[in-house]
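Overview (structure and organization)
If you want the building blocks of each chain, they are given just below.
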Protein chains: 2
Amino acid sequence: MAGVAVSTVSYVINRSGQVSEETRLRVNSAINALRYEPNLLARNLKAGRAGSIGLIAPDLRNPYFAAVASGVQDIAQSRDMLLVLCTTQSAQHWENYYSQVLRARRLDGLLFLSGSGMLTPSLMELVQSDSLVLVDERLPGLDVPSVVSTNRRGARAVADHVLSQGHQRVGIISGPPNLWTAGQRMAGYREALAAARIDPDAVPVVAGDYQQESGYAAARILLSGAPAARPTALICANDLMAIGAMVYCREIGLDVPRDISLCGFDDIPLASLVQPGLTSVDQCGETLGRSACRLLLRLIAQPSAEDQDPIETDHPTKLVIRGSVVPPVAA
Amino acid sequence: MAGVAVSTVSYVINRSGQVSEETRLRVNSAINALRYEPNLLARNLKAGRAGSIGLIAPDLRNPYFAAVASGVQDIAQSRDMLLVLCTTQSAQHWENYYSQVLRARRLDGLLFLSGSGMLTPSLMELVQSDSLVLVDERLPGLDVPSVVSTNRRGARAVADHVLSQGHQRVGIISGPPNLWTAGQRMAGYREALAAARIDPDAVPVVAGDYQQESGYAAARILLSGAPAARPTALICANDLMAIGAMVYCREIGLDVPRDISLCGFDDIPLASLVQPGLTSVDQCGETLGRSACRLLLRLIAQPSAEDQDPIETDHPTKLVIRGSVVPPVAA
DNA sequence: CTTTCGACATGAACCGTTTCACATCTTCGA
DNA sequence: TCGAAGATGTGAAACGGTTCATGTCGAAAG
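Parameters at a glance
Residues numbered from 1 in each chain as written. Chains lettered and ligands numbered in written order. Predicted model: local features only at pLDDT ≥ 70, side-chain atom pairs only at ≥ 80, totals over all residues. Heavy atoms only, no water. Helix = DSSP H or I, 4+ residues; strand = E, 2+ residues; numbered from the N terminus. Buried < 20%, exposed > 50% of the residue type's maximum accessible area, 1.4 Å probe, protein only. Domains from an automatic or database assignment. Contact = heavy atoms within 4.5 Å. Polar contact = N/O pair within 3.5 Å; in protein donor to acceptor, adjacent residues only side chain to side chain. Nonpolar A, V, L, I, M, F, W, Y, C, P; charged D, E, K, R; others polar. Axes fitted to C-alpha atoms, helices over the stretch in contact; angles between N-to-C directions. Parallel < 35°, antiparallel > 145°, perpendicular 65-115°, else oblique.

1. A word on unusual backbone geometry
All names here are of chain A.
- For the peptide bond that leads from Val256 to Pro257, omega is 10°, which places it in the cis range.
- With respect to the helices and strands, the residue Pro257 is situated in the loop between helix H10 (239–251) and strand E9 (261–263).
- With phi around 50°, Arg35 is a residue other than glycine that occupies positive phi space.
- Position of Arg35 among the secondary structure elements: in the loop between helix H2 (21–34) and helix H3 (40–47).
- With relative accessibility at 58%, the residue Arg35 sits in the exposed group.
- Of note, the phi angle at Cys284 is positive, near 45°, even though the residue is not glycine.
- Looking at the secondary structure, you find Cys284 in the loop between strand E10 (280–282) and helix H11 (285–301).

2. Concerning the domain arrangement of chain A
Residues and elements named next belong to chain A.
- In terms of domains, chain A is made up of domain 1 (6–38), domain 2 (50–149 + 285–316) and domain 3 (151–282).
- The distance between the C-alpha centroids of domain 2 and domain 3 comes to 29 Å.
- Contacts between domain 2 and domain 3 engage 14 residues on the former and 12 residues on the latter.
- Our count for the domain 2 to domain 3 interface comes out at 2 residue pairs in polar contact (both at pLDDT 80 or more).
- Contributing elements (two or more residues each) for the side of domain 2 that touches domain 3: helix H4 (63–78) and strand E5 (146–149).
- Partitioned by chemical class, the residues of the side of domain 2 that touches domain 3 number 5 nonpolar, 6 polar and 3 charged.

3. Thoughts on the packing of helix H1 (residues 6–14) of chain A against H2(A)
Residue and element names in this part refer to chain A.
- Across the interface, H1 lies against H2 with an axial gap of 10 Å and an inter-helix angle of 90°. Judged by the inter-axis angle, H1 sits roughly perpendicular to H2. The residues of H2 that touch H1, namely those facing Val9, Val12 and Ile13, are Arg24, Val27, Asn28 and Ile31.
- Along the lines of polarity and charge, the residues of the contact of H1 with H2 split into 5 nonpolar, 1 polar and 1 charged.

Rendered as structure tokens:
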């Protein structure tokens, strides 16, 4: 050292306490000479906070999740928070693992994008104690802070649009049944069908897992009937599956949109780049991520209870019309 | 507690030391009763390691970076390492900020994907001391561990392919000049041009920034000449820019590939989904990420010096031929 | 009956900070 | 001349673990 107690150094670094100008200078020059850097690990141990938040999400490759993550990181960055990224491949096993690890590491908060739609045991414990925000997921009984987009309304809008073109025979590729978003979107579709005087229960539905391949497979099933009985439009619960379906349609010689209309959900960047552009619902993952991160940081700042800020916020969705939906040819 | 010293508890948890079966049981049941969880912050402070590594990358929205990140996370996950994600928007300011923060936090290692092509001061300090692995970037003088793909060879291959179709007038949309990858790709293009007896210096080149918009803008410049003098093929240094160029070509009424051929680099998922499929070079970001992470963990395990493992590894690239490149119509 | 040894358990030091409470030294007013 | 009040600096106790060096005890060995 340079002739001074460690506590003094601490005061110099933190600009707190009263330190004379002279010693301050002395300490600072010593710091420079020694290329000293405070050990944040120790600082955090003392402070009892980690200075970082965790993001648990199924998979970065999905552009929607990437968008959310990007929004989260934006806010975290501006608040000097580090972002720990955990991917689960939608496996409960990993969801559980990470919620445990992140708790043990005493992260300040957790953002959770569920891939499985279930709360794992470890997550369950987080619900009460720590700061946890669910993104695009809402639990039936529990009162967990969450940020979601208006999935049902968006689904209703896009389905309305498809039906308004005159399609009578439609097929639905839905999401994983136990995911909240999938349920909401399905509800929106059914609303639209009912409004168009089509019996929702008579419409063929195949569930996918939000991945492109499952869209491909689901399309195969939905289009396996006789051409006359085939749907003239496929309503897909997300863009990736819609694109998978599009690939399948092309493979069997169907022209999109002439022979079959297609719509998606999420409005990932890809949606505007495929040919024809995919009609979709924009839920702006980035905004969602930002908003979720802001909520989380607010919860961290004032540990729960008496804040009257809404604990669940809804984000608007927007119908984005492109070329993939047109009136059916045989109309 | 349940009648035993804290050191004993520590031994129980870590299975080290010699603890009788009886006390072990007693301690364990107390642990369960109290829902005790060791504080990893403290553990890490003592151990002097953080149990996490950092990934500094320009932007998650770019599917190539997302792929790399995904590969990194795969390996980290399997090694019980947490991944701290930092995005820089290619700004030196943030690159510098994060390399400093991550050092102060005593992260175990750092993976760096440069967006600016320069080593910032803080990163410079990391070069010597800590464990740092560069991904798809190589510094001229310095001997920094790095994992790269064979950019030059890949570029050569795709350019060879374009030229072999008979294109005489080509234009190049290159990457940011001070990025290593951009330089390598450019070198590959020039090799191919020379081999096809075209003077590389006579070929129009516009530099973009690897983003889609810049591809759009670059295409506008390259295609601004008289139709007869216009390039019949655009060689783009990455897929995003190629797609931007494709959008521009369509806007001015050019048909891809009939009127103009286009090729990219990276082979992001999008490349196979646009219409026509984009001819590209697969460098498998995920594999790269995995490999980089593995190298980093190896460096962390045995702190440098006498390991004869190669410190720079090259990953092969693969030409992926799709429909976007065909012979010029006027050939 | 003493010594030796191994099996268990423990106290205390340490990791690198922050922060409270106190010690020291001026300086100033009464 | 003395005491009080600032102004500065410091020692030590945390934070929550790990781990070394001991200590204690019973049993086997001499």
